[in-house]
Amino acid sequence: MTLPSGPTTGLAPFACDPAHSRGRRFFEPEAPTRTAFQRDRDRVVHSTAFRRLVYKTQVFLNHEGDLFRTRLTHSLEVAQLGRSIARSLRLNEDLVEAVALAHDLGHTPFGHAGQDALHNCLKALSIAESRSGSEAWGFEHNLQSLRVVDELEERYPAFNGLNLSFETREGILKHCSRANAQRLEAQEPGGVAQRFLQGGSPSLEAQLCNLADEIAYNAHDIDDGVRSGLLTMDQLAEVPLFEHYRLQALAAHPQLVGRRLLFESIRLMLSEQVYDVIDTTRTLISAAGVQSLADVRSGSGLVAFSPDMRERSQVLKTFLLRNLYRHPQVVETTDRARRVVSDLFELYLNAPHELPEAHGRSQHHARAVADYIAGMTDRFAIREHQRLCGTVLFP
Ligand code: MG
């Protein structure tokens, strides 16, 4: 078998080339048949954390309906959109796929509600007991995704984590607070956290995943919102971005109603957003005179919507926040979810013997508890809560 050698043909000069990867944290010989980024993607797909995504909430709890998005199907949609855009821009599709599939690995059960609860628990503990240990980091899901692939997966004989390439890890850490960046930088000087301290940008592939994430959830949350009955097509008429494509769909197919009209409107909207990103990004790259990956890293962000699409996408995001994420029915569920997470944190903190052995004997007990809870699926968290607290919060 021969190693795929030299730059992958057809890649733009500013794309990430696996042959020039900044490498893995622990040395491993190259794979005979796959590039570094293809191998990263495969490692993510085979990880335990990846399989858990199927039972983790996006907006709706997993048991509320079989057709709602989960973190897994969301991640697949981000990968699809990301690859599609990457191909047009001659960026590295494999890297985009690896980052997209891994970007939500650190999400707690119950979506953002779970993350907020865990963050508050850790922060409260660090303040109450003036601890400066790992509690003080709080909980950030991007950082946790990196922690999953760097530390928490236990699959290899010689190291913790999945030992992914720098470029994949860089894409996974899309946001990071300054304090956490300083901590990471101390462990890995000049590593994935450096740009949060010194400025600069990640690869175009990483930037692309970030925007593909937004395009994906805006579109699928409309679909899930209508499916759930919490949003109506009439309400959506007040969102210019959606209404524009609904009218376009109706102009082409005047008889279209119901779900097919919804799907066709979303499909048109997705396509337009993809074309908009491709055109805008091409223009920005050429206006900035970007010739290499080094130019990308030293400059500001280049993967973007046009100002008009940015504005229209923002209006849609605000609409979804007001009408879906803050819908009384969603809020009621997320309040209960928050309680499950806070109760579990309190419980394991005071009863380490309730943790599985691998988590129970850590010097950094609060962090081990947070890692354990963050790894839970929605339904496992609900079952554990029921077992340990005796209260049924999700009948
Ligand atoms: Mg996401």
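Small disclaimer: the values here were computed from a predicted structure and weren't measured. (Residues numbered from 1 in each chain as written. Predicted model: local features only at pLDDT ≥ 70, side-chain atom pairs only at ≥ 80, totals over all residues. Heavy atoms only, no water.)

Chemist: Which residues make up the nonpolar core, and what values do they have?
Modeler: Counting residues in each nonpolar core, the largest one holds 82 residues, and the members touching the most others are F14, I85, L91, L105, L204 and I222. Considering each element in turn, this core owes the most residues, 10 residues, to helix α10 (residues 204-228). Aside from chain neighbours lying at most four places away, what touches I222 is L231, L236, F242, L262, I266, M269, L316 and L320. Judged by nonpolar contacts, the second largest core, of 27 residues, contains F139, A370, Y372 and A374. (Core = buried A, V, L, I, M, F, W, Y, C linked by side-chain atoms within 4.5 Å. Buried < 20%, exposed > 50% of the residue type's maximum accessible area, 1.4 Å probe, protein only. Helix = DSSP H or I, 4+ residues; strand = E, 2+ residues; numbered from the N terminus. Contact = heavy atoms within 4.5 Å.)

Chemist: Describe the coordination of the magnesium ion, with residues and values.
Modeler: Coordination of the magnesium ion by the protein involves H74 (NE2), H103 (NE2), D104 (OD) and D213 (OD), with metal-donor separations of 2.2 to 2.7 Å. When the donors of the magnesium ion are listed by position in the chain, the intervening gaps give H-x28-H-D-x108-D. Taken individually, H103 and D104 each receive the classification buried, so the pair is uniform in this respect. (Donors = N, O, S within 2.8 Å, 3.2 Å for Na, K, Ca; no water.)

Chemist: So what's going on with the packing of aromatic side chains? Residues and values would help.
Modeler: Applying the stated criterion across every chain, the model contains 5 aromatic pairs. Pairing F110 with F394 gives two aromatic rings, centres 5.9 Å apart and planes at 15°, and the pair type is stacked. Of this pair, F110 sits in the loop between α4 (93-102) and α5 (111-128) while F394 sits in the segment after α19 (378-389); the two residues are 284 residues apart in sequence, bridging distant segments of the chain. Both residues of the pair, F110 and F394, belong to the buried class. Members of the aromatic cluster, connected to one another through ring pairs, are F26, Y156 and F159. The ring of F166 is capped by R22, whose NZ or CZ atom sits 3.9 Å from the centre of that ring. Over the face of the ring belonging to Y55 we find R379, whose NZ or CZ atom lies 3.8 Å from the ring centre. (Phe/Tyr/Trp six-rings, centres within 6.5 Å; stacked < 30°, edge-to-face > 60°. Lys NZ or Arg CZ within 6 Å of the ring centre and 35° of its normal.)

Chemist: How would you sum up the packing of helix α1 (residues 36-45) against α4? Please name residues and give values.
Modeler: Running from N to C, α1 and α4 point in directions that differ by 25°, and their axes come no closer than 8 Å. As judged from the angle between their axes, α1 and α4 are roughly parallel. For α1 against α4, the interelement crossing comes out left-handed. Contacts between α1 and α4 involve F37, Q38, D40, R41, V44 and V45 from the former and D94, L95, E97, A98, L101 and A102 from the latter. A class-by-class count of the residues in the contact of α1 with α4 yields 7 nonpolar, 1 polar and 4 charged. (Axes fitted to C-alpha atoms, helices over the stretch in contact; angles between N-to-C directions. Parallel < 35°, antiparallel > 145°, perpendicular 65-115°, else oblique. Left-handed = near helix turned anticlockwise from the far one by under 90°. Nonpolar A, V, L, I, M, F, W, Y, C, P; charged D, E, K, R; others polar.)

Chemist: Break down the environment of Q115 for me, citing the residues and quoting the values.
Modeler: The residue Q115 is located in helix α5 in this model. Judged by relative accessible area, which is 12%, Q115 ranks as buried. For the pair Q115 and D224, spaced 109 residues apart in sequence, the C-alpha to C-alpha distance is 21 Å. Excluding anything up to four places from it in sequence, Q115 contacts T108, F139, E140 and H141. Here the side chain of Q115 touches H141 through a polar contact of 2.7 Å, side chain to side chain. (Polar contact = N/O pair within 3.5 Å; in protein donor to acceptor, adjacent residues only side chain to side chain.)

Chemist: Could you give an account of the pattern of salt bridges, with specific residues and numbers?
Modeler: The tally for this structure, following the rule as stated, stands at 32 salt bridges. The residue E93 makes a salt bridge to R87 at a minimum N-O spacing of 2.9 Å. Exposure remark for R87: the relative accessible area of 49% places this residue in the partly exposed category. Between D213 and K174 there is a salt bridge, with the nearest N and O atoms lying 2.7 Å from each other. One end of the pair, D213, is in helix α10; the other, K174, is in the loop between α7 (166-172) and α8 (178-187), and 39 residues separate them in sequence. A residue is classified by how much of its surface remains accessible, and D213, at 7% relative accessible area, is buried. A relative accessible area of 16% places K174 in the buried class. The structure contains a network of salt bridges with shared partners spanning R34, R41, D42, R83, R87, E93, D94 and E97. (Salt bridge = Lys/Arg side-chain N within 4 Å of Asp/Glu carboxyl O.)

Chemist: Could you give an account of helix α6 (residues 141-152), naming the residues involved and the relevant values?
Modeler: Helix length check: α6 (12 residues) gives 14 Å between terminal C-alpha atoms against 16 Å at 1.5 Å per residue, more than 12% under. In terms of burial, α6 is a largely internal element, 9 of the 12 residues being buried. Taken as a whole, α6 has its buried residues at H141, N142, L143, Q144, S145, L146, V148, V149 and D150. The secondary structure elements touched by the buried residues of α6 are α2 (48-52), α4, α5, α7, α8 and α18 (365-375). (Expected span 1.5 Å × (residues − 1).)

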